[in-house]
Amino acid sequence: MSSPALQIKYLGLVDYEPAWEAMRQFSRARDAGTPDELWLLQHPPVYTLGLAGKPEHLLHATNIPLVKIDRGGQITYHGPGQAVIYVLLDLQRRGIKVRELVRLLEQAVLDLLRSYGIAGALRDGAPGVYVREAKIAALGLKIAHGCSYHGLALNVNMDLSPFSAINPCGYAGLATTQLRAFGVTDSVDSVLDKLAAQLARRLAMDYAATHAAA
């Protein structure tokens, strides 16, 4: 059985709130025949605080806007030089549970890191991907009516200093890192291409495995 259609859209540098509203509108309007989509983009500087996020994880005021949003998780930072992929998927159609999607996203990042000769790692109870104890990729999802939006953010070549104003993902003192620190010189667009390919491959593998067992 072939996997459901998956469309990949390149959006460039997009302000956070319009992208968030577009995800919500897409998810509300979709039906059983709507193809799944991956949105590849970057954001201007912004902090986002998840549904259960605690404001005190923003350690001090900055000139970077803070947006309270509807994904899971605590606070994180987005900015230019970070590869963001939003995953707008019909999980019921794909036969994927939420925890499986989280692992699938993490594995796609691990696959990409491995292709660069970088050993990534996971942490129990702390979604995301880490290299040498520092976080390199963050995850956050919203599930509504069996469909997902939001997604993952991988630090590529960015100013990491705004992370010092927060407890990243709610963890005090958590270090952050990026691909540039490990000698990767690819552009953000190139990384987005490669990460989307890894994710599309993982989604197809997951679908095939699920339906082979059905």
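Calculation rules
Residue positions within a chain follow its written sequence, with the count starting from 1. Restriction of local features to residues with pLDDT of at least 70 applies here, the model being predicted, together with a cutoff of 80 or more for giving and counting side-chain atom pairs; totals for whole chains, interfaces and linings are based on all residues. Where side-chain values are given, they derive from all heavy atoms of the structure, hydrogens and water being excluded. For our purposes a nonpolar core is just a set of buried Ala, Val, Leu, Ile, Met, Phe, Trp, Tyr and Cys residues, chained together by side-chain atoms within 4.5 Å. Residue burial is assigned from relative accessible area. The probe radius is 1.4 Å, only protein chains are included, and a residue is buried under 20% of its type maximum, exposed over 50%, and partly exposed in between. Helix numbers and strand numbers start at the N terminus; a helix is a DSSP run of H or I with at least 4 residues, a strand a run of E with at least 2. Note on definitions: salt bridges are taken to be side-chain nitrogens of Lys or Arg within 4 Å of carboxyl oxygens of Asp or Glu.

### Points about the nonpolar core
With 36 residues, the main nonpolar core has Ile85, Leu154, Leu179 and Leu199 as its most contacted residues. Counting residues per element, the ones that place at least two in this core are strand E2 (36-42), strand E6 (82-88), helix H3 (98-115), strand E8 (126-131), strand E9 (134-144), strand E10 (147-155) and helix H4 (188-213). Ranked by residues supplied to this core, first place goes to H3 with nine residues. By size, the runner-up hydrophobic cluster in this structure holds 16 residues, among which are Tyr16, Phe26, Val84 and Tyr86.

### Observations regarding the pattern of salt bridges
Counted under the stated rule, the structure contains 12 salt bridges. Glu21 serves as the salt-bridge partner of Arg24, at 2.7 Å between the closest nitrogen and oxygen. Here Arg24 and its partner Glu21 are both found in helix H1 (residues 16-29), three residues apart, which amounts to about one turn of the helix. The exposure class assigned to Arg24 is partly exposed, which follows from its relative accessible area of 24%. A relative accessible area of 25% means that Glu21 is categorised as partly exposed. Between Arg202 and Asp111 there is a salt bridge whose closest N-O contact spans 2.8 Å. A residue pair is termed long-range when its members are at least 10 positions apart, and Arg202 in helix H4 and Asp111 in helix H3 qualify at 91 residues. Classification of Arg202 as partly exposed rests on a relative accessible area of 22%.

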